[in-house]
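Spelled out from the first residue to the last, the chains are:
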Amino acid sequence: MADECFRHPRLAAVYDPLDPDRGDLDPYLRMAEEFGARQVLDIGCGTGVFALRLAARGLRVVGVDPAGASLEVARGKPGGERVRWIHGDATALPPPAADLATMTGNAAQEITGPEDWHAFLRGARAALRPGGRLVFETRIPARRAWEEWNREATYAVTDVPGTGAVEYWVELLDVSGPLVTFRQVYRFAADGQVLTSESTLRFRERREVETELAARGFVVEDVRDAPDRPGKEFVFVARRPETSH
């Protein structure tokens, strides 16, 4: 199930204004060109920022997300009609056709249960044509990103057109092995409403991810660094083989 920040209509509507710098998507655009992708499956597409950038380049794009409110935002954006939007998860992916499947924004970490993770990998592989690639990112556990998830480090106020000022900050709730739980807090100045969204992320080691990709029929081609966050994330490039053995 998607977190409240993606499912709640009021929070989905301010998601983009609160995170306007999406330079993190540029490497994925370059990889779509590098791999010669013509049809891309954007898993966990959220409000559609990446899917719409791909579609604007003339690619055929399918965006999949379990949060209906985020998809409504995506559909309402200019060019939204160019993308096929699917409300669902890895079990709702279309038949094999994609040259490239992506999961940006560390969305892979939101899949915390082993069975759900395996289902995601199976679904992504099944949606790729032979030779197609799956690309996703995940934070490097040793960098302990959660140590900066506190109000002091994250507090901001953003003036959102049509909405007014929105205060935002993050509170760390729990660290239990590879699982990190935190709360995002939003306060709307217009009426004083406070909304919260709790999330749990799984921090996976590189070898763990590589082992599970191989076990689900992928060939790990590369593990790259995120150009905009050097040393902080793994970017996995895995390929569905041309033939099965």
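This text gives an overview of the structure that appears in the document. All residue numbers refer to positions counted from 1 along the written sequence of the respective chain. Only residues with pLDDT of at least 70 get local features here, since the model is predicted, and only at 80 or more are side-chain atom pairs given and counted; chain-wide, interface and lining totals rely on the full set of residues. Side-chain measures here rest on the full set of heavy atoms in the structure, leaving out hydrogens and waters.

## Details of the sheet that holds strand β6 (residues 156-160)
And then number 1: Taken together, four strands build an open sheet; the order of strands is β6-β7-β8-β9 and the sheet is antiparallel. Both outer strands of the open sheet, β6 and β9 (194-202), are each paired with one neighbouring strand and no more. Put simply, the sheet's adjacent strands are angled 25° from each other on average, direction ignored.
And then number 2: Two strands pair when backbone bridges link them, and strand β8 (residues 179-188) and β9 are joined in this way by nine bridges, in the antiparallel orientation. The residue bridging T181 from the neighbouring strand is T200, located in β9. Two strands pair if DSSP finds at least two bridges between them. A run of H or I in DSSP becomes a helix once it reaches four residues, and a run of E becomes a strand once it reaches two; helices and strands are each numbered from the N terminus. Between N-to-C directions, angles span 0 to 180 degrees; the directions come from axes that are lines fitted to C-alpha atoms, helices contributing only their stretch in contact.

## Looking at the packing of aromatic side chains
And then number 1: Pairing of aromatic rings covers Phe, Tyr and Trp, the last counted by its six-membered ring, and requires centre-to-centre distances within 6.5 Å; plane angles under 30 degrees mean stacked, over 60 mean edge-to-face, and any other angle means tilted. In this structure the tally under the stated criterion is twelve aromatic pairs.
And then number 2: Judged by centre distance (6.0 Å) and plane angle (35°), the rings of Y155 and W169 are tilted. Of this pair, Y155 sits in the loop between α7 (151-154) and β6 while W169 sits in strand β7 (residues 164-176), and the two are 14 residues apart along the sequence.
And then number 3: Between the aromatic rings of F234 and F236, the centroid separation amounts to 5.9 Å while the plane-to-plane angle is 55°, which identifies the pairing as tilted. Of the two residues examined, F234 and F236, each falls in the buried class.
And then number 4: Through pairs of rings, three or more aromatic residues link up here, namely W117, F120, F136, F234 and F236.
And then number 5: Note that R151 overlies the ring of W169, its terminal NZ or CZ placed 4.1 Å from the centroid. Exposure classes here rest on a 1.4 Å probe applied to the protein chains alone. A residue is buried below 20% of its type maximum, exposed above 50%, and partly exposed in between. Note on criteria: charge over ring means Lys NZ or Arg CZ within 6 Å of the ring centre, with the direction from the centre no more than 35 degrees off the ring normal.

## Quick notes on the pairing of strand β2 (residues 60-65)
Each regular strand displays side chains that alternate between the two surfaces of the sheet.
And then number 1: Counting buried residues in β2 gives five out of six residues, a clear majority hidden from the surface.
And then number 2: Sheet topology places strand β1 (residues 39-43) next to β2; five bridges connect them, and they run parallel. Across the sheet, L41 pairs through a bridge with V62, a residue of β2.
And then number 3: By definition, the crossover connecting two strands over a helix is right-handed if that path, from the first strand to the second, turns clockwise as seen with the strands pointing away from the viewer. Once you follow β1 into helix α4 (residues 49-56) and on to β2, the crossover reads as right-handed.
And then number 4: Pairing between β2 and strand β3 (residues 83-87): five bridges, direction parallel. Its bridge partner being in β3, V61 is matched across the sheet by V83.

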